Amino acid sequence: MLTSQSHGVSSPKSEVTALVVDDDKVSQMIHHQLLNILGIENDVVVDGKQAVDIHLSGKKFDLILMDRDMPVMNGIEATKKLRDMGIRSTIAGVSSHSSSKEKQEFIEAGLDVYHEKPLSAAKLLSVVSKMKHTA
């Protein structure tokens with residue numbers, strides 16, 4: 001189920017858009033609220049397949065916050081698929097996995113950056129400030 005949650009505060013700074021991809025309701029809420037605080041319009045989907053499908057429908061995002069473990073299609077598969085589709089958005093992996101092997105596997109899928117959960121405002125601000133400009 002795609003949930004459009006674009007309650008972001010208008011920001012003259014940019015018209016950055018983000019996609020939150022996470023099956024955990026608490027993580028969705030935290031990431032959505034942090035993005036809103038930064039004035040970033042964002043949508044939320046619950047798995048990697050929905051992330052791929054929303055891009056196939058023609059919608060594009062500047063930033064994708066991608067969880068690693070989700071039903072239907074996990075973050076590793078979804079990241080690989082999005083990169084294979086030519087999606088050049090900044091993809092930030094956000095996961096509770098901390099082993100170096102698990103992080104490396106996720107990064108090698110095509111992430112631009114990786115952060116452990118929970119994502120803080122400072123971590124998100126760091127990601128946004130380093131975002132590549134896809135426009």
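Here, the structure is the one placed above.
The present account deals with the structure reproduced in this document. None of the values given here were measured: they were computed from a predicted structure.

Another point: the overall build of the protein chain. The helix and strand inventory of the protein chain stands at 5 helices and 6 strands. Split into buried and exposed, the 135 residues of the protein chain put 46% on the buried side. For the protein chain, long-range pairs separated by at least 24 residues make up 66% of all intrachain contacts whose partners lie at least 6 apart in sequence. Accessible surface for the protein chain amounts to roughly 7100 Å². Of this, 55% is attributable to carbon and sulfur atoms.

Attention now goes to the side chain of Ser 27. Locating Ser 27 in the fold gives a position in helix α1 (residues 25-37). With sequence-adjacent residues up to four places away left out, Ser 27 is seen in contact with Asp 22 and Lys 117.

To continue, consider the environment of Val 52. When you line up the elements, Val 52 lands in helix α2 (residues 48-56). In this structure, the C-alpha to C-alpha distance between Val 52 and Leu 82, residues 30 residues apart in sequence, is 6.3 Å. Val 52 has contacts with Met 73, Ala 78, Lys 81, Leu 82 and Met 85, leaving out every residue within four places of it along the chain.

For the rest of this paragraph, the subject is the pairing of strand β4 (residues 63-67). Burial analysis of β4 places 5 of its 5 residues in the buried class, which makes it a mostly covered element. Neither face of β4 is left uncovered, since the one carrying Leu 63, Leu 65 and Asp 67 and the one carrying Ile 64 and Met 66 both have all their residues buried. Both strand β2 (residues 17-21) and β4 contribute to a ladder of 4 bridges, which runs parallel. Across the sheet, residue Val 21 finds its bridge partner in β4, namely Met 66. Note: β4 against strand β5 (residues 90-95), 5 bridges, orientation parallel.

Time to look at helix α5 (residues 121-129). Turning to α5, its buried residues are Leu 124, Val 127 and Val 128. Down the axis of α5, the sector holding all buried residues measures 95°, keeping them to one side. With respect to the buried face of α5, the exposed residues turned more than 90 degrees away are Ala 122 and Ser 129.

Side chains of Val 26, Met 29 and Ile 30 sit close together on the surface and give an oily, nonpolar patch of about 270 Å² of accessible area. Of note, Val 26 is situated in helix α1.

Here is what the cut-offs are and how they apply
Residues numbered from 1 in each chain as written. Predicted model: local features only at pLDDT ≥ 70, side-chain atom pairs only at ≥ 80, totals over all residues. Heavy atoms only, no water. Helix = DSSP H or I, 4+ residues; strand = E, 2+ residues; numbered from the N terminus. Buried < 20%, exposed > 50% of the residue type's maximum accessible area, 1.4 Å probe, protein only. Contact = heavy atoms within 4.5 Å. Areas by Shrake-Rupley, 256 points an atom, 1.4 Å probe, with all protein chains shown as cover. Pairing = 2+ DSSP bridges. Arc of directions from axis to C-beta. Patch = residues over 30% accessible without salt bridge, like charges linked within 9 Å, V, L, I, M, F, W, Y side chains within 5 Å. Salt bridge = Lys/Arg side-chain N within 4 Å of Asp/Glu carboxyl O.

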